[in-house]
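Chains, contacts and geometry: an overview
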Amino acid sequence: MKIEETLSLLESAQMKHLFQKLYGEAAVEENKMRYEDLIKKFQTEFGDKDILLFSSPGRTEISGNHTDHNYGKVLAGSINLDCVGVAAKNKSNCINIVSETFHQSFTIDLNRLEPSERMAGTVDLVKGLLKGFLDSGFQVGGFDAYITSNVISAAGVSSSASFEMLLCSILNTFFNDGRMSTVAYAHIGKYSENHYWNKASGLLDQMACAVGGLITIDFKEPQNPAVEKIDFDFSSQNHSLIIVNTGKGHADLSADYSSVPLEMKKVAECFGKEVCAQITEEQVIEHLAQVREYAGDRAVMRALHFFEENKRVDAEVAALKDNRFQDFLAQITASGNSSWKWLQNCYTTANVEEQGISIALALTELFIAEKKKGACRIHGGGFAGVIMAMLPNDLVDEYVEYIEKALGEGSAYRMSIRPYGAVCVNEMSV
């Protein structure tokens, strides 16, 4: 589509309707201007070409805290913050990308897709995606793209996966007639991070960004996890999701993060298995003395969290399907309590004086107790960083003012669950 035609499309009623679904009614005009600005920057950088618009959301973890690595269950959702790209085929053997958000501009030769020695950075990540497409029997080709993102970095909402899935959508649309599924996008993203970043990522982040809406994933078969999209209109409940960034901890958290999956797996080892999904809670309780002696008490508590968290994911999915939203919120609260007490990932024992997560949760719990509405829990890996609150829309401004007074201005981000994952915007507006 020509640039002038695309700018006219942004003024259309169908695009306004789509933007309402993607970003919420209050943010339609803001995002229309965002797209217009990006198109003009593309035009300045690459000239007048036939362009398409693409969008890929960030994601939030709603339940299933530290379960995926032991082949458990999660509930996740795509959010209304996204990575947006304007792209055009360039009939060459090169891919030219300008990333406005990260102040990067680079070119990749499709004949040279080997990773660099350091295996890090955006160029390696993109090369990994391209190689993943080729190894999966799909096509790649040259294109130009101008990309921006408002997916918050270092807040557990997967800015990197959002970028990966945007590029998958571009490659699928331009060179594969849309034949690749969004679930396949996620596998390509995982491949790239595993083999071009040396990052032992799972599929959670990519799957939530690619598929969109509310999804539940069962990782019991990790190479082919069961993914189910939950048909639930989150916007109908008049609730918002707020991510609160409590700040980065000063301690090195690598040992804390790795201890969680390792300790769960050590409990499984007691029964000759590799991960907790291969054993039962009843087995652990029945042989508790032996498990405590072999794996340690904290490992036992973390394994019990794993089993109960899987049940909570099932309960939340059932509540959403039955439109029992208050029961859904109650399970989120239970998940948060389990992470705090059983999983024990709200602060690091290497520096017990620093407990930003715990402070944020305590303040939020006090707010919720006073209002008698809402839910909260830790978000993501834990030990430092981010919490999530889910509150009625009429309480959000008050809560943001309250929590930012305690934790600092700009620490709270209001979000919503959007129904679409990584998409070509032009195709969605038809």
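Anything mentioned here points back to the structure above.
To start, this report covers the structure provided alongside it. Given the structure is predicted, the values throughout are model-derived calculations rather than measurements.

Below, the discussion takes up helix H4 (residues 122–135). When the terminal C-alpha atoms of H4 are compared, their 20 Å separation across 14 residues agrees well with the 20 Å that a helix rising 1.5 Å per residue should span. Extensive coverage of H4 is indicated by the burial of 10 of its 14 residues. Those residues of H4 that fall on the buried side of the exposure criterion are Thr-122, Asp-124, Leu-125, Val-126, Lys-127, Gly-128, Leu-129, Leu-130, Gly-132 and Phe-133. Contacts from the buried residues of H4 go to strand E3 (94–99), strand E4 (104–109), helix H5 (159–175) and helix H6 (182–196).

All right, on to the nonpolar core then. Side chains of a nonpolar character, in soluble globular proteins, are inclined to be buried together. Residues Leu-130, Phe-143 and Leu-167 are the most contacted members of the largest nonpolar core, which totals 37 residues. A total of 10 residues in this core trace back to one element, the largest contributor, which is H5. Not counting chain neighbours up to four residues away, the residues in contact with Leu-167 comprise Ile-97, Val-126, Leu-129, Phe-143 and Ile-147. With 27 residues, the next largest nonpolar core counts Leu-214, Ala-375, Met-388 and Met-390 among its residues.

Once that is clear, we can look at the pattern of salt bridges. Between side chains of opposite charge, a pair can form when the charged atoms approach closely. One pass over the full model with this rule turns up 27 salt bridges. Between Glu-228 and Lys-321 there is a salt bridge, and its shortest N-O distance comes to 2.7 Å. With Glu-228 in strand E7 (residues 226–230) and Lys-321 in helix H11 (residues 297–321), the pair connects residues that are 93 residues apart, well separated along the chain. Close ionic contact of Glu-308 with Lys-311 constitutes a salt bridge, the shortest N to O distance being 2.9 Å. Linking Glu-308 with Lys-311, this pair stays in helix H11, spanning three residues, or about one helical turn. With a relative accessible area of 44%, Lys-311 lands in the partly exposed category. One salt-bridge network, in which partners are shared between bridges, spans Glu-11, Glu-29, Lys-32 and Glu-36.

Taken together, four strands build an open sheet; the order of strands is E9-E10-E8-E11 and the sheet is antiparallel. Two strands close off the open sheet at either side, each with one partner strand: strand E9 (375–378) and strand E11 (412–415). Averaged over all neighbouring strand pairs, the angle between strand axes comes to 20°, with direction disregarded. Relative to the sheet, helix H12 (residues 325–343) contacts strand E8 (239–245), E9 and strand E10 (386–392), its axis offset from that of E9 by approximately 30°.

As enumerated under the stated definition, the model contains 17 aromatic pairs in all. Taken together, the aromatic side chains of Phe-54, Phe-143, Phe-174 and Phe-175 make up a single cluster linked through ring pairs. Over the ring of Tyr-294 we find Lys-266; its NZ or CZ atom is 5.7 Å from the centre of that ring.

Cut-off values and rules
Residues numbered from 1 in each chain as written. Predicted model: local features only at pLDDT ≥ 70, side-chain atom pairs only at ≥ 80, totals over all residues. Heavy atoms only, no water. Helix = DSSP H or I, 4+ residues; strand = E, 2+ residues; numbered from the N terminus. Expected span 1.5 Å × (residues − 1). Buried < 20%, exposed > 50% of the residue type's maximum accessible area, 1.4 Å probe, protein only. Contact = heavy atoms within 4.5 Å. Core = buried A, V, L, I, M, F, W, Y, C linked by side-chain atoms within 4.5 Å. Salt bridge = Lys/Arg side-chain N within 4 Å of Asp/Glu carboxyl O. Pairing = 2+ DSSP bridges. Axes fitted to C-alpha atoms, helices over the stretch in contact; angles between N-to-C directions. Phe/Tyr/Trp six-rings, centres within 6.5 Å; stacked < 30°, edge-to-face > 60°. Lys NZ or Arg CZ within 6 Å of the ring centre and 35° of its normal.

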